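Fold and geometry: a report
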Amino acid sequence: MSETNTAASAVMPTYSRFPISITKGEGSYVWDDAGKQYLDYTAGIATCNLGHAPAAVKEAVKEQLDTLWHCSNLYHIPIQEQLAELLTAHTFADQVFFGNSGAEANEAAIKLARSYAQKVKGTTGYEVVTFSQSFHGRTLATLAATGQEKIQKNFAPLAKGFRYLPYNDVEALEELIGPDTCGVLMELVQGEGGVIPADPAWVKEVERLCKEHDVLFMLDEVQTGAGRTGTLYAYEQYGVEPDVLTTAKGLASGIPIGAMLASSKAAAAFEAGSHGSTFGGNPVAAAAGKATLEVITNPVFLMEVQEIADYFRGELEAIAAKSSGFTDVRGKGLLLGLGTTGKAIELVHRARELGLLVLVAGEHVLRILPPLNTTKAEADFCIGTLKQIASA
Ligand SMILES: Cc1ncc(COP(=O)(O)O)c(C=O)c1O
């Protein structure tokens, strides 16, 4: 499994890599260096949401490369403004801060929540509440925000100012807001933590308590965003309105980007000099983001995502019902998990040999992340392969 993690590699072995080298990607498929084709139902871990090298995004990036690659955020950048306008037009948000990754977007959110308490409210509030089995990134602050010990191991002392509560536990919400709490940060489907959707009533209660105590209600939609769950952002399906939302991964179809969206109330906590990022909102990334969003915000596109997601989920449920190797189907839209009785990683290896790439989320969950524009024939290939590996 970690064949590329050898001393011969000049790349640090921070990833346990599968023993194939990917050299080409187009649509829903990737190819390895031996020319073998795979149906990529990992989508770069929910990043290549329109498949590999989608034409509209490729054209926009090429055009941007002919125009302007980079300029400092000390100047106005029209393409960045246009992406921010698209994001605010299609969400609750009034303003956007751009970075380059999910972790960076969450760092911005954590800073904004502290500044909201300290600058806007004039308190000493600093604590951000997160949840068990959450995942918010690998930087020092975001790993401290992450409610998983395995991510935090060997990095003591952890950054101060985080408190964890059990996920989906209404009774524990009695402890949600403490005297120093400035924000709550949560995923609506825990992706890395096992593909676990949040209970709508619980989310509503978190929102209510945040609003009652005037602490920022912040959603980490790094994995659930950019159409992944069948709406542009998952919060639309929960009937809640966050103060802050973080997005990255699928936002620019695989060109690095991250963004923190905020209501004007929350955004008031930042001013010139509060935060920055050299590459944040870079013109090439912004062009890719704009072209991506123009596709994803089309209601017909989203309707088709929901249709294929319903079909695929139905087929997965049929497998789970029939096969003793699978237990249940969980998730939302095309962020799906298939519970396994055996070790999920072994099934991932077998699927790969048969030309299908899928992931794990924990020991007993296969995580399946098709591109949003996948076809019924591709979904059927995945189903056929899963049936084959289940009966092997
Ligand atoms: C919910 C969530 N938040 C944050 C991150 C971190 O994003 P990045 O790897 O772009 O820093 C991830 C990555 O998997 C994620 O799933």
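Residues numbered from 1 in each chain as written. Predicted model: local features only at pLDDT ≥ 70, side-chain atom pairs only at ≥ 80, totals over all residues. Heavy atoms only, no water.

The protein chain has the name Acetylornithine aminotransferase in an unreviewed UniProt entry, where Terribacillus halophilus is given as its organism. Among the UniProt annotations of the protein chain, the heading Catalytic activity (unreviewed entry) holds the following wording: "N(2)-acetyl-L-ornithine + 2-oxoglutarate = N-acetyl-L-glutamate 5-semialdehyde + L-glutamate". We quote the UniProt Subunit (unreviewed entry) comment for the protein chain here in full: "Homodimer." (UniProt positions renumbered as here; feature names shortened; annotations may be inferred.)

Leu176, Phe312 and Leu386 are the most contacted members of the largest nonpolar core, which totals 83 residues. If you tally residues by element for this core, the top one is helix α10 (residues 299-322), at nine residues. Residues from two domains meet in this core; each of domain 1 (55-296) and domain 2 (299-391) gives at least three. Setting aside residues no more than four positions away along its own chain, Leu176 makes contact with Val129, Phe131, Arg163, Leu165, Thr181, Val184, Val206 and Leu209. Residues Ile110, Leu112, Ala144 and Phe270 belong to the second largest nonpolar core, which totals 24 residues. (Core = buried A, V, L, I, M, F, W, Y, C linked by side-chain atoms within 4.5 Å. Buried < 20%, exposed > 50% of the residue type's maximum accessible area, 1.4 Å probe, protein only. Helix = DSSP H or I, 4+ residues; strand = E, 2+ residues; numbered from the N terminus. Domains from an automatic or database assignment. Contact = heavy atoms within 4.5 Å.)

Around the ligand sit 13 residues, and of these Gly102, Ala103, Asp220, Gln223 and Lys249 come closest. The backbone of Gly102 places a nitrogen or oxygen atom 2.8 Å from an oxygen atom of the ligand. Residue Phe135 places a main-chain N or O atom 3.3 Å away from a nitrogen atom belonging to the ligand. For the ligand, whose accessible area on its own is 390 Å², the fraction buried by protein is 81%. If one sorts the elements of the shell around the ligand by residue count, helix α4 (residues 102-120) sits on top with three residues. Split into classes, the residues belonging to the shell around the ligand amount to three nonpolar, six polar and four charged. (Near = heavy atom within 4 Å. Polar contact = N/O pair within 3.5 Å; in protein donor to acceptor, adjacent residues only side chain to side chain. Areas by Shrake-Rupley, 256 points an atom, 1.4 Å probe, with all protein chains shown as cover. Nonpolar A, V, L, I, M, F, W, Y, C, P; charged D, E, K, R; others polar.)

Should their charged atoms come close, side chains of opposite charge can pair. All chains considered together, the criterion is met by 10 salt bridges. Between Asp243 and Lys265 there is a salt bridge, and its shortest N-O distance comes to 3.7 Å. In this pair, Asp243 sits in the loop between β10 (216-220) and β11 (244-247) while Lys265 sits in helix α8 (residues 264-267), placing the two residues 22 residues apart along the sequence. We classify Lys265 as partly exposed; its relative accessible area is 37%. (Salt bridge = Lys/Arg side-chain N within 4 Å of Asp/Glu carboxyl O.)

Another point: the sheet that holds strand β16 (residues 359-360). Here we have four strands laid out as an open sheet, ordered β13-β14-β17-β16, and antiparallel in their pairing. The two strands at the open ends of the sheet, each matched to only one other strand, are β13 (326-332) and β16. Sheet topology note: the β13/strand β14 (residues 335-340) ladder contains five bridges and is antiparallel. Directly across from Gly331, in β14, lies its bridge partner Leu336. Strands β13, β14 and β17 (365-368) of the sheet are contacted by helix α12 (residues 376-391), whose axis makes an angle of about 165° with β17. (Pairing = 2+ DSSP bridges. Axes fitted to C-alpha atoms, helices over the stretch in contact; angles between N-to-C directions.)

On to the domain arrangement of the protein chain. Note: interface size is frequently given as the accessible area lost on complex formation between the parts. Segmenting the protein chain into domains produces domain 1 (55-296) and domain 2 (299-391). Every contact between the two is made by 19 residues of domain 1 and, on the other side, 20 residues of domain 2. Of the roughly 1,600 Å² buried where domain 1 meets domain 2, counting both sides, 63% is carbon and sulfur surface. On the domain 1 side of the contact with domain 2, Val195, Arg228 and Gly230 bury the most area, a combined 40% of that side's loss. The interface formed by domain 1 and domain 2 holds one salt bridge in total. Our count for the domain 1 to domain 2 interface comes out at six residue pairs in polar contact (both at pLDDT 80 or more). The class makeup of the residues in the side of domain 1 that touches domain 2 is eight nonpolar, nine polar and two charged. (Buried area = accessible area lost by both parts, 1.4 Å probe.)

For helix α2 (residues 55-65), the set of buried residues is Val57, Val61 and Gln64. In an axial view of α2, the angular spread of the buried residues amounts to 60°, which keeps them on one side of the axis. Opposite the buried face of α2, at more than 90 degrees from it, the exposed residues are Ala55 and Glu63. In this structure, the buried side of α2 is in contact with α3 (78-89) and α9 (283-296). (Arc of directions from axis to C-beta.)

Where α2 meets α9, the closest approach of the two axes is 8 Å, and the angle between their N-to-C directions is 150°. Taken together, α2 and α9 sit at an angle that is classed as roughly antiparallel. As α2 runs across α9, the sense of the crossing is right-handed. The residues of α9 that touch α2, namely those facing Ala56, Val57, Ala60, Val61, Gln64 and Leu65, are Pro283, Val284, Ala287, Ala288, Ala291, Thr292 and Val295. For the contact of α2 with α9, a count of residues per class yields 11 nonpolar, two polar and no charged. (Parallel < 35°, antiparallel > 145°, perpendicular 65-115°, else oblique. Left-handed = near helix turned anticlockwise from the far one by under 90°.)

Take the packing of aromatic side chains next. Applying the stated criterion to the full structure yields six aromatic pairs. The interplanar angle of 65° and the centroid separation of 6.3 Å between the aromatic rings of Phe131 and Tyr167 together place this pair among those described as edge-to-face. Within this pair, whereas Phe131 is found in strand β5 (residues 127-131), its partner Tyr167 is found in the loop between β6 (162-165) and β7 (181-186), the two being separated by 36 residues in sequence. With respect to class, Phe131 is no different from Tyr167; both count as buried. Between the aromatic rings of Tyr167 and Trp202, the centroid separation amounts to 4.9 Å while the plane-to-plane angle is 70°, which identifies the pairing as edge-to-face. Taken as a pair, Tyr167 in the loop between β6 and β7 and Trp202 in helix α7 (residues 200-213) lie far apart in primary sequence, 35 residues in all. Owing to a relative accessible area of 11%, Tyr167 belongs among the buried residues under this scheme. (Phe/Tyr/Trp six-rings, centres within 6.5 Å; stacked < 30°, edge-to-face > 60°.)

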